[in-house]
Protein chains: 2
Amino acid sequence: LLLHAGAGDRTQSLNEGEPAWHDALRAAVDRARGVLESGGTALDAAQAAVASMEDEADQFNAGRGSVLCADGSVEMSAAVMRGEDRAAGAVAGITTSRYPSQAARLVLDSPHVLLIAQPADTFAAAAGAEQCDPSYFATERQRARLGDHLAEVDGGTVGAVCLDTHGNLAAVTSTGGIRGQIPGRVGDTPVIGAGTWADAYAAVSCTGQGEAFIRVAVGHEIAALVRAGVPLAQATGEALSAVAQVGGRGGLIALDAAGNASLPFSTEVMPRAIWRAGGDTITLIGPAEAP
Amino acid sequence: LLLHAGAGDRTQSLNEGEPAWHDALRAAVDRARGVLESGGTALDAAQAAVASMEDEADQFNAGRGSVLCADGSVEMSAAVMRGEDRAAGAVAGITTSRYPSQAARLVLDSPHVLLIAQPADTFAAAAGAEQCDPSYFATERQRARLGDHLAEVDGGTVGAVCLDTHGNLAAVTSTGGIRGQIPGRVGDTPVIGAGTWADAYAAVSCTGQGEAFIRVAVGHEIAALVRAGVPLAQATGEALSAVAQVGGRGGLIALDAAGNASLPFSTEVMPRAIWRAGGDTITLIGPAEAP
């Protein structure tokens, strides 16, 4: 199991609250572990980890505590994909579903793959997903930050990739987008093949300057390279280089079917977590600590 | 230059109006030829061809004459991509922009890549794109068809791929989605890497059961195979086989950088056109006529 909580530059709030980031990552790993240890699938576990991070209002840019659009609204996107059968679900620009990752999962379990805007929330609600007033998602912290100088890469998108004991890969990503974005802007998170991808070869969840990640189709690119025999770490490196070629920075987490892990990023930090069955949870923020 | 006007089953209206389909395809080719012959780029030409088909109310499922959602509304999506620099633009779920392909092009020319729903129309309008009342797009023919038995694959999405004399590839796709779809449902058309893709190796525009095309990342899959040395026709065949593996049917048009063309489909028909500089325009509907 790998988690990320966004690739970005080292911000003051991160420096001041670093222990809380480690704690929140660890809590998300624990949720996923619980799911796996009670027989849940890779997809169930990845979704549980992301839901844990969506509920966390002070650290992450997903679910409650998401960044605000230029008009002060919160628009969230999420995607899930199951490698075994390439089933996928995504939602973009939703405003009332408490767990965007759950809304995406409900889409996966339907004949649809991508639903957008208000009808996506309506669909999720009809399928049983908890709904909240849009004001629930907009925290005081994010209201205060909206007026701040924008960091080039803001970070905070969350994601999880998982390989279970049955050999199934899955990927889940959830985001509030970019601070100050115009309403209606959607990044790579809900674009299956870009920010989120899982097939029989690799599971990938991305974070960073979403437009660049879409233009490189990062998720599918990595899986296609792995399928062609390229080692995972080389494949993720090539994909991030391609992102840089189109002017983007960011990071990603990836697993292949053999359990190899790769967690590269081209920003200053990418809070992330690694857990393998029988092992300890490792949480990391910056590059110097890379395993 | 290759065009498609959707992959689907042979319908009564197609049988009765087949000459009109050939005429409409030919008119779209002529528009693109004019652009190329006056020095326009591959992207300009592909966009012009698609705009011509978006204006055509009686044949195609894009722009005016798009299929209706279950609630009688029209929601359109489009995407454009330029192979040279992988610049991309897409809109999903728009309702007032006369030419969805133009709205997508305006997104390409902005810092964004994907804009959705009403804000996407607002963005396009601010950038000068002609807006219409939503009722402009809903034709009597489509109102009557909404109550009909749904064909499994309805067809009518339009697309163009082009290679210009400078060696630049481009792809454009535009659609009204699936007849009777729930509002908010989005298929593969605006998913860069799925229904629409162009890079230095290949340009691809797809049509068919969009959910399956997303799950295979068809556009990027074909370009990645071509980059790996697989002949274009083999690459498109493998991608359509993968679509079938996840339960989908449809078709696509693809060009590689050497000018090889591939126009496969797994449905009964895919109205399509082929034009090479100095040659005649070829328009085709069914498989028996395949070149």
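Values in this document were obtained by computation on a predicted structure and should not be read as measured data. The written sequence of each chain sets the order in which its residues are numbered from 1. Whichever chain is written first becomes A and whichever ligand is written first becomes 1, with later ones labelled in order. Predicted model: local features are reported for residues with pLDDT of at least 70 only, side-chain atom pairs are reported and counted for 80 or more only, and whole-chain, interface and lining totals are derived from all residues. Derived side-chain values reflect all non-hydrogen atoms in the structure, with water molecules and hydrogen atoms excluded from consideration.

Participant: Is there a simple way to think about the relation of the copies chain A and chain B in this case?
Facilitator: Each of the two copies of the chain can be brought onto the other by a rotation about an axis and a shift along it. The copies were overlaid by least squares, fitting only the C-alpha atoms of residues that reach a pLDDT of 70 or more in each copy. For the pair chain A and chain B, the relating rotation is 180°, the translation along its axis is 0.0 Å, and the fit reaches an RMSD of 0.0 Å. Taken together, the turn and the small shift mark the pair as related by a two-fold rotation axis. Comparing interface residues between copies, 100% of those in chain A also lie at the interface in chain B; the contact surface is shared. Here, two residues are considered to be in contact whenever any of their heavy atoms come within 4.5 Å of each other.

Participant: Sorry if this is basic, but what is going on with the pairing of strand β5 (residues 158-163) of chain A here?
Facilitator: Successive residues of a regular strand alternate their side chains across the two faces of the sheet. Residues and elements named next belong to chain A. Burial classification: accessible surface area is computed with a 1.4 Å probe over protein chains only, and a residue below 20% of its type maximum counts as buried, one above 50% as exposed, and the rest as partly exposed. We count a stretch as a helix when DSSP gives it H or I for four or more residues in a row; a strand needs E for two or more, and each element gets its number in order from the N terminus. Across the 6 residues that make up β5, a large majority, 5, are buried. Two strands are said to pair when DSSP picks up at least two bridges between them. When strand β1 (residues 2-4) meets β5, the two strands line up antiparallel, connected through 3 bridges. Each residue of the ladder has a partner; that of L2, found in β5, is V161. By the bridge criterion, 6 bridges tie β5 to strand β6 (residues 169-175) in an arrangement that is antiparallel.

Participant: Would you take a moment to explain the sheet that holds strand β2 (residues 76-82) of chain A for this structure?
Facilitator: With mixed pairing, 9 strands are arranged side by side in an open sheet as β13(A)-β12(A)-β1(A)-β5(A)-β6(A)-β2(A)-β3(A)-β4(A)-β7(B). Looking along the sheet, the strands with just one partner apiece sit at the ends: β13 (282-284) of chain A together with β7 (185-186) of chain B. Bridge count between strand β4 (residues 114-116) of chain A and β7 of chain B: 2 bridges; the pairing is antiparallel. The partner of L115 of chain A across the bridge, within β7 of chain B, is R185 of chain B.

Participant: Explanation requested: the environment of E75 of chain B in the structure shown.
Facilitator: Residues and elements named next belong to chain B. Looking at the element boundaries, E75 is found in the loop between α3 (42-55) and β2 (76-82). Sequence-wise, E75 and I94 are 19 residues apart; in three dimensions their C-alpha atoms are separated by 5.4 Å. Once residues within four sequence positions are removed from consideration, E75 is found in contact with C69, G93, I94, T95, T175, G176, Q181, P183, G184 and R185. Pairs of N or O atoms are called polar contacts if they sit within 3.5 Å, as long as, within protein, a hydrogen donor faces a hydrogen acceptor (for residues adjacent in sequence, only side-chain-to-side-chain pairs). Engagement of the side chain of E75 in a polar contact is seen with the backbone nitrogen of G184, the distance being 2.8 Å.

Participant: Looking at this structure, how should I read the sheet that holds strand β8 (residues 196-198) of chain B?
Facilitator: Pairing between the strands of a sheet comes from backbone hydrogen bonds, and it takes one of two forms, parallel or antiparallel. Residues and elements named next belong to chain B. Pairing within the open sheet is antiparallel, and its 4 strands lie in the order β8-β9-β10-β11. Every interior strand has two partners, whereas the edge strands, β8 and β11 (261-262), have only one. The pairing of strand β10 (residues 250-256) with β11 spans 2 bridges and is antiparallel. Opposite L255, over in β11, you have A261 as the bridge partner. A fitted line through C-alpha atoms serves as each axis, taken over the contacting stretch for helices, and the angle formed by two N-to-C directions is quoted from 0 to 180°. Taken strand by strand, helix α8 (residues 218-227) contacts β8, β9 (202-208) and β10, and its axis lies near 145° from that of β9. Across the sheet, helix α9 (residues 232-245) lies against β10 and β11, angled at about 155° from β10, the strand it touches most.

Participant: Before we go on, may I ask you to explain unusual backbone geometry in this structure?
Facilitator: Residues and elements named next belong to chain A. A positive phi angle, near 60°, is found at A117, a position not held by glycine. Topologically, A117 is positioned in helix α5 (residues 117-126). Here the phi dihedral of A217 falls at roughly 50°; this positive angle occurs in a residue that is not glycine. For A217, the location among the structural elements is in the loop between α7 (210-216) and α8 (218-227). By relative accessible area, A217 is classed as buried at 1%.

Participant: Can you help me understand the packing of helix α3 (residues 42-55) of chain A against helix α4 (residues 100-108) of chain A in this one?
Facilitator: Geometrically, a packed helix pair is captured by the angle between its two axes and the distance between the axes. Residue and element names in this part refer to chain A. Viewed as axis vectors pointing N to C, α3 and α4 meet at an angle of 150°, and their least axial separation amounts to 8 Å. As the angle between them shows, α3 and α4 are arranged roughly antiparallel. For the pair α3 and α4, contact is made by L43, D44, Q47, V50, A51 and E54 and by P100, S101, Q102, R105 and L108, respectively. Classes in brief: Ala, Val, Leu, Ile, Met, Phe, Trp, Tyr, Cys and Pro nonpolar; Asp, Glu, Lys and Arg charged; the others, Gly included, polar. Each residue belonging to the contact of α3 with α4 can be placed in one class, and the counts come to 5 nonpolar, 3 polar and 3 charged. Between 65 and 115 degrees an angle is taken as roughly perpendicular, under 35 as roughly parallel, over 145 as roughly antiparallel, and anywhere else as oblique.

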